[in-house]
Amino acid sequence: MTDHYFTNSPSAGTNRQTTTATIWGTEYQFITASGVFARSGLDIATNVLLRSLDPPTAASRLCDVGCGYGPIAVALADHCPRARVDAVDVNDAALALCAENAGLAGVADRVITLRPEQSDPAARYDEIWSNPPIRIGKQALHELLLQWLPRLASDGVMRMVVGKNLGADSLQSWLTEQGYPCDRVASAKGFRVLAARPRSSAL
Ligand SMILES: C[S@@+](CC[C@H](N)C(=O)[O-])C[C@H]1O[C@@H](n2cnc3c(N)ncnc32)[C@H](O)[C@@H]1O
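Residues numbered from 1 in each chain as written. Predicted model: local features only at pLDDT ≥ 70, side-chain atom pairs only at ≥ 80, totals over all residues. Heavy atoms only, no water.

How would you explain the layout of surface pockets if you had to name every residue and give the values?
Taken as a whole, the largest pocket holds about 690 Å³ of empty space. For the largest pocket, the lining is made up of 34 residues, of which Phe37, Gly66, Asn131, Pro132 and Pro133 are closest to its centre. Elements supplying a minimum of two residues to the lining of the largest pocket: helix 1 (44-52), strand 3 (61-65), helix 2 (71-79), helix 4 (138-148) and strand 7 (152-163). At three residues, strand 7 tops the list of elements feeding residues into the lining of the largest pocket. Across the lining of the largest pocket, the residue classes tally to 23 nonpolar, seven polar and four charged. In terms of lining residues, the second largest pocket is bounded by Ile134, Gly137, Lys138, Leu141, His142, Val162, Leu166, Gly167, Ser170, Leu171 and Trp174. (1 Å grid on protein atoms, 1.4 Å probe; cavity = no way out; pocket = protein on both sides within 12 Å on 5 of 7 lines; lining within 4 Å. Points joined across faces, edges and corners; volume = space filled by probe spheres on them. Helix = DSSP H or I, 4+ residues; strand = E, 2+ residues; numbered from the N terminus. Nonpolar A, V, L, I, M, F, W, Y, C, P; charged D, E, K, R; others polar.)

How would you sum up the UniProt feature "domain: Methyltransferase small" (unreviewed entry) in the chain? Please name residues and give values.
The positions that UniProt labels "domain: Methyltransferase small" (unreviewed entry) are, in the present scheme, residues 27-194. Between the C-alpha atoms that bound residues 27-194 the distance is 25 Å, and the span itself is 31% helix and 29% strand. (UniProt positions renumbered as here; feature names shortened; annotations may be inferred.)

Provide a residue-level description of helix 3 (residues 92-104), including the pertinent values.
Given a rise of 1.5 Å per residue, 13 residues ought to cover 18 Å, and the 18 Å separating the end C-alpha atoms of helix 3 matches this to within 8%. Burial in helix 3 covers these residues: Ala94, Leu95, Ala96, Leu97, Cys98, Ala99, Glu100, Asn101 and Ala102. In the core, the buried residues of helix 3 are packed alongside strand 2 (26-32), helix 2, strand 4 (84-88) and strand 5 (111-114). Near the N-terminus of helix 3, the side chain that reaches the backbone nitrogen of Ala93, with its oxygen 2.9 Å away, is that of Asn91. Directly after helix 3, the chain includes Gly106, whose backbone phi takes a positive value near 80 degrees. (Expected span 1.5 Å × (residues − 1). Buried < 20%, exposed > 50% of the residue type's maximum accessible area, 1.4 Å probe, protein only. Contact = heavy atoms within 4.5 Å. Polar contact = N/O pair within 3.5 Å; in protein donor to acceptor, adjacent residues only side chain to side chain.)

Any details on the sheet that holds strand 3? Residues and values, ideally.
As summarised here, the arrangement of the seven strands in space is 5-4-3-6-7-9-8, forming an open sheet in which the pairing is mixed. Among the strands making up the open sheet, the edge pair consists of strand 5 and strand 8 (182-188). Going from strand to strand, the sheet's axes swing by 20 degrees on average, the running direction of each strand aside. Relative to strand 9 (residues 191-196), strand 8 runs antiparallel, the two sharing six bridges. Each residue of the ladder has a partner; that of Ser187, found in strand 9, is Arg192. (Pairing = 2+ DSSP bridges. Axes fitted to C-alpha atoms, helices over the stretch in contact; angles between N-to-C directions.)

Here it is, written out as structure tokens:
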């Protein structure tokens, strides 16, 4: 069962603030709060990811792994009108803000906020986007990616942004070694944008 994380409270989180960000030509207002990643505004790596890629407007099933307060998930839902976007995070405050921000953008009905354990392992995504939680450590990051990459549709792609100094190139090599062909599709401001594809059925 998928689980909508709705908050009835208009004040999820403490030290709330409103930030604005322009993504794919649309200006968004995002509420952030203490304890949530990049609470002062759109993260530079997230910005590199979003500026490097066009929204997959024809997609129907999308996922944002590590959604935080929701800039990627909300912009994807807004620019991909046929898509349902699963927005996944371990931080309940982030999920509440993501749901609230989806409401502000008018896409609450298509952004489904979930803790990882609430996600459907049988779901298959056209695209998974992520500014992944590098700070959880290399082993945990590898486990996270190995949890989500098998959920790509056969022609799907996982798009992620990783700092060059935070192991982007070695992560790209590791993914390819694991059987997930991974290309660098953009590079800016010290960050790499990677695109990983599903394992070949021959593996
Ligand atoms: C680098 S932040 C990106 C947040 C947001 N996407 C943005 O661009 O502002 C990574 C996010 O991953 C979340 N996270 C950490 N461990 C996770 C896990 N195992 N599964 C899903 N999300 C996780 C963190 O709580 C955090 O919100």
